[in-house]
Amino acid sequence: MFTGIVQGVATLIKLIEKDDFRTHIMTMPGRLTEGLSIGASVAHNGCCLTVTEIKGNRVSFDLMQETLRLTNLGELQVGDSVNIERAARFGDEIGGHAMSGHIMCTTEVVNIMESDNNYRIWFSLPKGYEKYVFEKGYLGIDGISLTVGEIENGCFCVNLIPETLERTTIGQRSIGSRINIEIDPQTQAIVDTVERVMAQQKF
């Protein structure tokens, strides 16, 4: 389980391509490698990956074709960075919201509005998942737990504080950037349950 509170940024330093398979070797902040072991789960832009090798602060992860297809990790090139969060441990503070690390879809940045005291990003509503996006609801956006601000004209926005911009990669995104989305599982469960009950009542 993850919380959507990004703990640092890791940089891709080597990419090994194989048939329908890829290995990413990342440099991770030293504090995030403390106690890290092979087999541990680490979220990259919200996508849960498994540690396969550790050499100091150089950590390797394997990505299957489905992961490369469904997430923005398949677009990474050497020198690119990702948001990193290690799996939550029992007793950790849940500062964001419960996340599984399973990316459900991606969407694109459609507008960025920046002023002296506000930074707002607009995204297109992900097709097929519009019913799960609510104003003031939660979403995992590239692994960051964020609150939906407004929804209009087939788009939704989030408002970002300076701390989020400083600690994550989201401030580096531009119009057209592809973003990983994880729908809040509680919201999904409620919507799906209500739909199922209403469908049963029609008969």
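Treat the numbers as computed from the prediction; the structure is a model and nothing was measured.

Draft legend 1. Main features of the confidence of the model for the protein chain. Per-residue confidence for the protein chain gives a mean pLDDT of 92, with 96% of residues at or over 70. Within the protein chain, no element has a lower average pLDDT than helix H4 (residues 185-201), which sits at 88, and none a higher one than strand E3 (residues 41-44), at 97.

Draft legend 2. Seen up close, the sheet that holds strand E2 (residues 21-27). Strand order in this closed barrel of 6 strands is E1-E2-E5-E4-E3-E6, and the pairing throughout is antiparallel. Ignoring strand direction, the axes of neighbouring strands in this sheet form an average angle of 45°.

Draft legend 3. Geometry of the packing of aromatic side chains. All told, the structure shown has 2 aromatic pairs when counted by the stated rule. A ring pair is formed by tyrosine 129 and tyrosine 132, whose centres lie 6.2 Å apart and whose planes are at 45°; its orientation type is tilted. Relative accessible area serves as the criterion here: at 23%, tyrosine 129 is assigned to the partly exposed category.

Draft legend 4. Representation of the nonpolar core in the model. Judged by nonpolar contacts, the single largest core of 22 residues is most densely connected at Phe123, Leu139, Ile141, Phe156 and Ile181. When residues of this core are traced back to their parent elements, those giving at least two are strand E7 (105-114), strand E8 (119-124), strand E9 (138-141), strand E10 (144-147), strand E12 (155-160) and strand E13 (178-183). Look past the residues within four positions of phenylalanine 123 in its chain and what remains in contact with it is Thr107, Glu108, Val109, Val110, Ile141, Gly154, Cys155, Phe156, Val158 and Ile179.

Draft legend 5. The arrangement of the environment of aspartate 19 in detail. Mapped onto the fold, aspartate 19 is located in the loop between strand E1 (8-18) and E2. Between the alpha carbons of aspartate 19 and alanine 189 there is a distance of 36 Å; along the sequence they are 170 residues apart.

Draft legend 6. Up close: a nonpolar patch on the surface. The grouping of Ile190, Val194 and Met198 at the surface amounts to a nonpolar patch, some 290 Å² of accessible area in total. Mapped onto the elements of the fold, methionine 198 is located in helix H4.

Draft legend 7. Region of the structure containing the sheet that holds strand E11 (residues 151-152). The strand order E10-E9-E13-E7-E8-E12-E11 describes an open sheet built from 7 strands, whose pairing is antiparallel. The sheet is open, and its two edges are formed by E10 and E11, each paired on a single side. Two elements, E8 and E12, share 6 bridges in a ladder whose sense is antiparallel. Among the inter-strand pairings, isoleucine 121 is bridged to a residue of E12, identified as valine 158.

Reading guide: rules and limits
Residues numbered from 1 in each chain as written. Predicted model: local features only at pLDDT ≥ 70, side-chain atom pairs only at ≥ 80, totals over all residues. Heavy atoms only, no water. pLDDT = per-residue confidence, 0-100. Helix = DSSP H or I, 4+ residues; strand = E, 2+ residues; numbered from the N terminus. Pairing = 2+ DSSP bridges. Axes fitted to C-alpha atoms, helices over the stretch in contact; angles between N-to-C directions. Phe/Tyr/Trp six-rings, centres within 6.5 Å; stacked < 30°, edge-to-face > 60°. Buried < 20%, exposed > 50% of the residue type's maximum accessible area, 1.4 Å probe, protein only. Core = buried A, V, L, I, M, F, W, Y, C linked by side-chain atoms within 4.5 Å. Contact = heavy atoms within 4.5 Å. Patch = residues over 30% accessible without salt bridge, like charges linked within 9 Å, V, L, I, M, F, W, Y side chains within 5 Å. Areas by Shrake-Rupley, 256 points an atom, 1.4 Å probe, with all protein chains shown as cover. Salt bridge = Lys/Arg side-chain N within 4 Å of Asp/Glu carboxyl O.

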